[in-house]
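# A closer look at the structure
These are the residues of each chain, in order.
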Amino acid sequence: MAERQFMQHTGLAPFARALPGGRQLTGFERLTGGSKKGVYRLALDDGSSVVLYAWSAAENYWTDNSIDPRDPFAEASGLDLLEAASRALTEAGATAPALLLVDRSQSLYPADIAIVEDLRGGTLEAMIASDADAAAAPLRAVGAMLNGMARYRGPRLGKVAAAVSGQAPQDRRAEQIVLDQGLTHLAGVAAKVPELGLARERIDAALRELHARVRPRDWYSLIHGELGADHVMLDDEGRPVIIDVEGVMLFDAEWEHAFTRMRFGKSYEMLGIDVELDPSRMALYELARSLSLVEGPLRILETDFPDRDFMRGIVNWHTGKVLRLSGADT
């Protein structure tokens, strides 16, 4: 496999000069953890810093994701998605990083580029671990954002950019999409994880049984899709800001909360969620979520993604959860 070529000083410096005031680049750091785009912190000559996103092939480890605009779970990466998601979040009363510069010309670098504010207050996840009392206020603020997003209404599901433009026609409801994806993921992981292969029939039956209990409805909420405390940064005044927003879509709020409840753990109750969530959808989505968190990491482990132990840990944890939720662990 060819070595990946990431951005260097010569590629980053023109974007510092393009910022208001024509700043000079004094240093840069490639931030780890991204798997779909490059994320770089740029140090500027006035002592400030910004964050640059680069959507280049070299930065994307997910090379086989769907790009069908009708698929709400299609590739969640790109400048158009970032801009549309930021606008929708603002309308719903949530906060995303401020966009400072966008460049689609590829005249300075062969990739779409965005520069956003640098949030240096650390993650909410780190604050919860180090000072739970201090985390109480930002947790309530995140909960207020989630409540506003759940009350946001859209008649059409899909990524915000596609749904708003009418490019996301659907002949399936959210719960059917989740069932179909769950069954597809099950077929894939059953061939790779022996425990799931042995339990495939029981897991298949559990997905279908849970789906049969869901009553249809005809509206959708705004969701982030993967909102854990690690996707919330704090600004200099300790206010929470939701990051990695390209996957924001109109979908069932229960899909959000099946993930958020898992990722926030004991802190979930401190969010103060006051919207009604359908228990039947939550049960289906929780099982399907865990299947997706086996299937996705297994795929990325087939690439040269560097943090392999982290991905294997996700696979192992969610394998156990799938077996438990489907009743296949007895």
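Residues numbered from 1 in each chain as written. Predicted model: local features only at pLDDT ≥ 70, side-chain atom pairs only at ≥ 80, totals over all residues. Heavy atoms only, no water.

### As for the sheet that holds strand S2 (residues 38-44)
Across the sheet, which stays open at both edges, the five strands sit in the order S1-S2-S3-S5-S4 with antiparallel pairing between neighbours. Looking at which strands have only one partner, the edges of the open sheet turn out to be strand S1 (25-30) and strand S4 (99-103). Along the sheet, successive strands turn relative to each other by an average axial angle of 20°, direction set aside. Its contacts with the sheet put helix H1 (residues 9-18) on S1, S2, strand S3 (49-55), S4 and strand S5 (112-117), and the angle it makes with S1 is roughly 120°. (Pairing = 2+ DSSP bridges. Helix = DSSP H or I, 4+ residues; strand = E, 2+ residues; numbered from the N terminus. Axes fitted to C-alpha atoms, helices over the stretch in contact; angles between N-to-C directions. Contact = heavy atoms within 4.5 Å.)

### Examining the packing of helix H4 (residues 132-151) against helix H9 (residues 253-264)
Relative to each other, H4 and H9 sit at 165°, their axes nearing to 11 Å. Regarding the angle of H4 to H9, the classification is roughly antiparallel. The handedness of the crossing between H4 and H9 comes out as left-handed. The residues of H9 that touch H4, namely those facing Leu 139, Val 142, Leu 146, Met 149 and Ala 150, are Ala 253, Glu 256, His 257, Thr 260 and Phe 264. When its residues are assigned to classes, the contact of H4 with H9 shows seven nonpolar, two polar and one charged. (Parallel < 35°, antiparallel > 145°, perpendicular 65-115°, else oblique. Left-handed = near helix turned anticlockwise from the far one by under 90°. Nonpolar A, V, L, I, M, F, W, Y, C, P; charged D, E, K, R; others polar.)

### Brief notes about the sheet that holds strand S10 (residues 249-251)
One key point about sheets: their strands pair by backbone hydrogen bonds, in either a parallel or an antiparallel sense. Pairing in this open sheet of three strands is antiparallel, and the strands run S6-S10-S7 from one edge to the other. Here the strands that pair on one side only, and so sit at the sheet edges, are strand S6 (158-159) and strand S7 (221-223).

### Observations regarding the side chain of Asp 118
Here Asp 118 shows up in the loop between S5 and helix H3 (124-130). Residue Asp 118 is classed as buried on the basis of its relative accessible area of 13%. Within polar-contact distance, the side chain of Asp 118 engages the side chain of Arg 41 at 2.8 Å. There is a polar contact of 3.2 Å between the side chain of Asp 118 and the side chain of Arg 120. Setting aside its immediate chain neighbours within four residues, Asp 118 contacts Arg 41, Ser 49, Val 50 and Val 51. (Buried < 20%, exposed > 50% of the residue type's maximum accessible area, 1.4 Å probe, protein only. Polar contact = N/O pair within 3.5 Å; in protein donor to acceptor, adjacent residues only side chain to side chain.)

### Some details on the packing of aromatic side chains
Each aromatic ring pair is specified by the distance between its two centres and by the angle formed by the two planes. Going through the model one piece at a time under the given rule, you end up with five aromatic pairs. Judged by centre distance (5.3 Å) and plane angle (65°), the rings of Phe 73 and Phe 251 are edge-to-face. Here Phe 73 is found in the loop between S3 and helix H2 (79-91), whereas its partner Phe 251 is found in strand S10, with 178 residues between them in sequence. Judged by relative accessible area, Phe 251 falls into the buried class, the value being 0%. An angle of 80° between the planes, with centres 5.5 Å apart, marks the rings of Trp 255 and Tyr 285 as edge-to-face. Separated by 30 residues along the polypeptide, Trp 255 in helix H9 and Tyr 285 in helix H10 (residues 279-300) bring together distant segments of the chain. Grouping residues by exposure puts Trp 255 and Tyr 285 together as buried. An aromatic cluster is built from Phe 73, Phe 251, Trp 255 and Tyr 285, whose rings are joined through pairwise contacts. Its end group placed over the ring of Tyr 53, Lys 37 keeps NZ or CZ at 4.8 Å from the ring centre. (Phe/Tyr/Trp six-rings, centres within 6.5 Å; stacked < 30°, edge-to-face > 60°. Lys NZ or Arg CZ within 6 Å of the ring centre and 35° of its normal.)

### Examining unusual backbone geometry
With phi around 55°, Gln 106 is a residue other than glycine that occupies positive phi space. With respect to the element layout, Gln 106 can be found in the loop between S4 and S5.

### Re the environment of Gly 272
Looking at the secondary structure, you find Gly 272 in the loop between H9 and H10. Judged by its relative accessible area of 40%, Gly 272 falls in the partly exposed class. For Gly 272 and Ala 144, which are 128 residues apart along the polypeptide, the C-alpha to C-alpha distance reads 7.5 Å.

### What about empty space enclosed by the protein?
Evaluated as defined, the whole model comprises one cavity of 30 Å³ or more. Approximately 60 Å³ is the volume found for the largest cavity. Of the residues in the lining of the largest cavity, the class split is eight nonpolar, one polar and three charged. (1 Å grid on protein atoms, 1.4 Å probe; cavity = no way out; pocket = protein on both sides within 12 Å on 5 of 7 lines; lining within 4 Å. Points joined across faces, edges and corners; volume = space filled by probe spheres on them.)

### Details of the environment of Ser 49
Secondary-structure assignment places Ser 49 in strand S3. Counting along the chain gives 22 residues from Ser 49 to Gly 27, while the straight-line C-alpha distance between them is 9.4 Å. With sequence-adjacent residues up to four places away left out, Ser 49 is seen in contact with Arg 41, Leu 42, Ala 43, Asp 118 and Arg 120. In this structure the side chain of Ser 49 is engaged in a polar contact, spanning 2.5 Å, whose partner is the side chain of Asp 118. Within the local environment of Ser 49, its side chain forms a polar contact with the side chain of Arg 120, the two groups lying 3.2 Å apart.

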